[in-house]
Amino acid sequence: MKQLFHKLSLRGKLTFIITLTSCLVLVLTFIAIIALQWVSLRNNLLQDTQVLSQGIGENCAAAMIFNDQQAATLALEPLAATPHIVGARLYNQNQEVFAEFYQDLARDTSNDQLKTAIILREGHIFSSAYLDVFEPVIFDGETHGQLMIRVDLAKVNRIFIDYAWIGVGIFLLYSLLAFLMANSLQRVISDPIKSLALSMETISQEKNYSHRVQKVSSDEMGSLFDSFNAMLAEIESRDQELLNSEAHLDYLAHHDPLTKLANRLLFHDRLEHSLARAKRMKSRLAILFIDLDRFKNINDSLGHDVGDKVLCAVSERMNSLVREADTLARLGGDEFVIILEHLRRNDDVSRYVEKLLRDMSSTMEVSSEKLHVSASVGISLYPDNGEDADSLMQAADIAMYQAKNKGANLYQFYSAEMNANARESLLLENQLRHALKDKQLTLYYQPQFELNSGRLIGFEALVRWNHPELGLVSPLDFIPLAEESGLIVPIGEWIIFTACKQMKKIHEQWHLPLRMAVNISPRQFLHPSLVQTVAEVLYRTKLNPGSLELEITESMVMGNIEQSISKMDEFNKMGVELAIDDFGTGYSSLEYLKRFPISKLKIDQSFVKELGVDTNDTAIVNSVIALGKSMGLEVIAEGIETVDQLELLKKEGCDQGQGYLFSKPLPVAQLSSLLDSALIREPEILSSMMQKKV
Ligand code: C2E
Ligand code: MG
Ligand code: MG
């Protein structure tokens, strides 16, 4: 029963409880009424019978005194008028029946019982079927006998049963009404609960916590709705917070915190999508791998704060060129990548990259420093250079390195041959790490001469890598690798130290006023420790600072002119000489050149090579010499290979020179003979060397 009740719905339970309660109340009320009615019926009957028995008793008194049985019987006769009286008996003092009356002998067998079963007593007796009333027959205060009247209770019982049936009828009707009313009234409670439950279900299914339930009353149910709505509001705000923090986390996971561009993770995701789209639509796309030129130098020389600002400024410039459909991402450090979709021709990419490089290289002002930032761009194309993200990225990366190797501010499309070169570079870079400590690096020295007198004036130290398998590796092949990997700093230190030590040795042995020119690479020049390193080397080797000449190029100082000039000033103060190497190939800004505390210009060998052949180059050489002269600088030509070149240079007034015509770069072991001859026949050395060549 209990289980059955629990199985009922709330609505069923409420209906059941209300119906049961009202029925119980009805039943109890009805029982109470019936009981009262029954008691009152019996009491009325008793009272009526007692009044009747008193009257009859008085009437019978005289008959009993005179022992007149007939008169007594007659006195009992009026009882016949009362139909529910079964009978009456009059007893004398000896308790013998004196007279009797029976209403209907045939009707009721109880008359026999009346005859036999009645035992005289006082008062009355209620049995289930009869009421027996006993009345003493008194006259003049003396009892002469006793009257017993038996009343049939059938009528009373019938009335009672009738009441009971009416009660049952009323009960059934009432139960039905109670059920119907309870059933409809319970909705007042169950409907809001039902709607609340429904709302809860919908909310939990849809996870839509902005939903609110409609309050229908201001009772406890209303409070429940208010609490539920408050709970929803709380969940909604937490949900929102959760969504916000999830979105923030997602943003952090997919964006570069500095530039706010897509990061590597998001980029790869976008690339996969772009490739899938390109495959589906049979379209082409390009990946532009962008690496800033000499960015490490900016970081090293101006600090990371400026470096960060430069990255942000560069990102903004690139972002302004990127179309909505394309993706720009920062892969880390100074590496960026752009995906260009829906390409028609390679020319589109070229034009785009040219504009990108142009925009990037215009002067930018960061932290009140005027900077020129350029970039090298490697380009790979889908489907030409690969069909998947990895191979396309690798191809773009290789092409970028190729662009970098060719010089700054260039772009390069990937080609299959590059791959082999790139692998080689990677291998070489790994081996270069061991080269210094394994003593595989060595310096060669190329003599430099005064062209007019033929006097030996010094050497240029040129590094060589004596690779265990590859033999002598050109600095043109490994210096860019050392630059890229940062190995140039320790390697550069070793070069300066070795060259200065060698020069000191030469001074000690030959006592000639010779100078040692040492090449400085861009990253090395911008490294904050360079001045300190040079000072330490000079101190340790005890070389006169004036015997050291540092060769720098224009391009390495143009990135940050003010700082470069102040660094040059420091070398100047130390007494170290500065020469501009490869002059004519860089920016050649006269405005800046005037401000450089340098003592020498070195004409690049590419111009010397074409001297007398190419009129342009000849004009350049001539004007460089004239410029040097006008600025009071020494001018040295490198790469002199022929007598004609030498003669032309001399004619134009070039002071100094170096080249295969005089000597190739020499290992230390071969310096002695040159120096010996320089010591003995100083002025003649040049012509004798030239004669040997000719
Ligand atoms: P550079 O400073 O312009 O050096 C001159 C280059 O021209 C040297 O090549 C030299 O061997 C070569 N050369 C000299 N005379 C002639 C000639 O008559 N004809 C021809 N065709 N070439 C001649 P090398 O040694 O291969 O060096 C190439 C470049 O590598 C250098 O150019 C310099 O930029 C860099 N490099 C060389 N040694 C060092 C070094 O110790 N440190 C740094 N940072 N860079 C170095
Ligand atoms: Mg040089
Ligand atoms: Mg040079």
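### Overview of the overall build of the protein chain
- From N to C terminus, the protein chain includes 24 helices and 22 strands.
- Taking 26 Å as the expected radius of gyration for a compact globule of 694 residues, we find that the protein chain reaches 63 Å, considerably beyond that expectation.
- In terms of principal-axis extent, the alpha carbons of the protein chain reach across some 205 × 55 × 50 Å.
- Counting all 694 residues of the protein chain, 45% fall into the buried class.
- A separation of at least 24 residues holds for 66% of the contacts in the protein chain among residues at least 6 apart in sequence.

### Digging into the site of ligand 1
- Near ligand 1 lie 24 residues; those nearest to it are N519, D581, Q605, E641 and Y660.
- V463 is positioned with one of its backbone polar atoms (N or O) 3.1 Å from a nitrogen atom of ligand 1.
- At 3.5 Å, a backbone N or O of S521 approaches a nitrogen atom of ligand 1.
- At the level of secondary structure, the elements contributing two or more residues to the shell around ligand 1 comprise β14 (456–467), α13 (475–485) and β18 (577–583).
- Element by element, the count of residues in the shell around ligand 1 is highest for β14, at four residues.
- Each residue belonging to the shell around ligand 1 can be placed in one class, and the counts come to nine nonpolar, eight polar and seven charged.

### Things to note about unusual backbone geometry
- In the segment running from Y382 into P383, the intervening peptide bond is cis, with an omega of 5 degrees.
- Here P383 is to be found in the loop between β11 (375–382) and α11 (389–406).
- With a phi close to 65 degrees, K260 is a non-glycine residue in the positive phi region.
- Inspection of the secondary structure assignment puts K260 in the loop between α6 (220–254) and α7 (264–281).
- At H342, a residue that is not glycine, the phi angle is positive and equals roughly 50 degrees.
- Its location among the elements puts H342 in strand β8 (residues 335–343).
- On the basis of relative accessible area, H342 is assigned to the partly exposed category, the value being 39%.

### Some details on the sheet that holds strand β3 (residues 123–126)
- Taken in spatial order, the five strands make up an open sheet running β2-β1-β5-β4-β3, and their pairing is antiparallel. The sheet is open, and its two borders are formed by β2 (97–102) and β3, each paired with just one other strand. Ignoring strand direction, the axes of neighbouring strands in this sheet form an average angle of 15 degrees.
- Where strand β1 (residues 85–92) lies against β2, five bridges are found, and the strand directions are antiparallel. Bridging from a neighbouring strand, G87 pairs with Y102 of β2.

### Comments concerning the coordination of the magnesium ion (ligand 2)
- In this structure, E460 (OE), N519 (OD1), E551 (OE) and D581 (OD) serve as the protein donors to the magnesium ion (ligand 2), at separations of 2.0 to 2.3 Å.
- If you list the donors of the magnesium ion (ligand 2) from N- to C-terminus, the spacing comes out as E-x58-N-x31-E-x29-D.
- The metal-metal distance between the magnesium ion (ligand 2) and the magnesium ion (ligand 3) comes to 4.1 Å, with D581 coordinating both. Highlighted residues: E460 in strand β14 and N519 in strand β16 (residues 515–519), separated in sequence by 59 residues.

### As for the sheet that holds β8
- Ordered by their spatial adjacency, five strands build an open sheet running β7-β8-β6-β11-β12, and the pairing between neighbours is mixed. Strand pairing shows two members of the sheet lacking a second neighbour, β7 (327–332) and β12 (411–413), which therefore form its edges. Pairs of neighbouring strands in the sheet enclose a mean axial angle of 20 degrees, with direction left out of account.
- Relative to β8, β7 runs antiparallel, the two being bridged by five bridges. When the bridges of β8 are listed, A329 appears paired with V337.
- Those strands touched by α7 are β6 (284–292), β7, β8 and β11, and its axis lies near 20 degrees from that of β8.

### Side note on a nonpolar patch on the surface
- Judged by side-chain polarity, M1, L8, F16, I17, L20 and L24 come together as a nonpolar surface patch covering roughly 580 Å² of accessible area.
- Tracing the chain through its elements places L20 in helix α2 (residues 10–65).
- Classification of L20 as partly exposed rests on a relative accessible area of 43%.

Definitions and limits used
The residue numbering used here restarts from 1 in each chain and proceeds along that chain's sequence as written. Chains carry letters and ligands carry numbers; both start at the beginning, A for chains and 1 for ligands, and go up in the order they are written. In view of the model being predicted, local features appear only for residues whose pLDDT reaches at least 70, and side-chain atom pairs are presented and counted only at 80 or more, with totals across whole chains, interfaces and linings using the full set of residues. Hydrogens are left out, water is left out, and the side-chain values use all remaining heavy atoms of the structure. For the purposes of this entry, the term helix denotes a DSSP run of H or I that reaches at least four residues, the term strand denotes a run of E that reaches at least two, and both are numbered from the N terminus. As a reference, a globule follows 2.2 Å times the number of residues to the power 0.38, and the radius of gyration itself is taken over C-alpha atoms. Relative accessible area decides the class of each residue, using a 1.4 Å probe on protein chains only: under 20% of the type maximum gives buried, over 50% gives exposed, and in between gives partly exposed. Contact criterion: two residues are considered in contact whenever any of their non-hydrogen atoms come within 4.5 Å of each other. Note on definitions. A residue lies near a molecule or strand when any single heavy atom of the residue is within 4 Å of it. Side-chain atoms alone can form a polar contact between residues adjacent in sequence; in general such a contact is a pair of N or O atoms within 3.5 Å, and within protein one must be able to donate a hydrogen while the other accepts it. Residues were grouped as follows: Ala, Val, Leu, Ile, Met, Phe, Trp, Tyr, Cys and Pro as nonpolar; Asp, Glu, Lys and Arg as charged; and all remaining residues, including Gly, as polar. Note: two strands are recorded as paired if DSSP finds a minimum of 2 bridges between them. To obtain each axis, a line is fitted to C-alpha atoms, and for helices this fit is confined to the stretch in contact; angles are then taken between N-to-C directions over 0 to 180 degrees. Donor criterion used throughout: N, O or S atom within 2.8 Å of the metal, extended to 3.2 Å for Na, K and Ca. Water excluded; incomplete-looking sites may result. Grouping into patches uses exposed residues only, defined as over 30% relative accessible area, and leaves out salt-bridged ones; the cut-off is 9 Å for like charges and 5 Å for nonpolar side chains (Val, Leu, Ile, Met, Phe, Trp, Tyr). The method behind every accessible area is Shrake-Rupley, applied with a 1.4 Å probe, and residues are considered shielded solely by the protein chains displayed. Salt bridges, as used here, are contacts in which a Lys or Arg side-chain nitrogen is within 4 Å of a carboxyl oxygen on Asp or Glu.

Remember that the coordinates give geometry; whether it matters functionally is a separate question.
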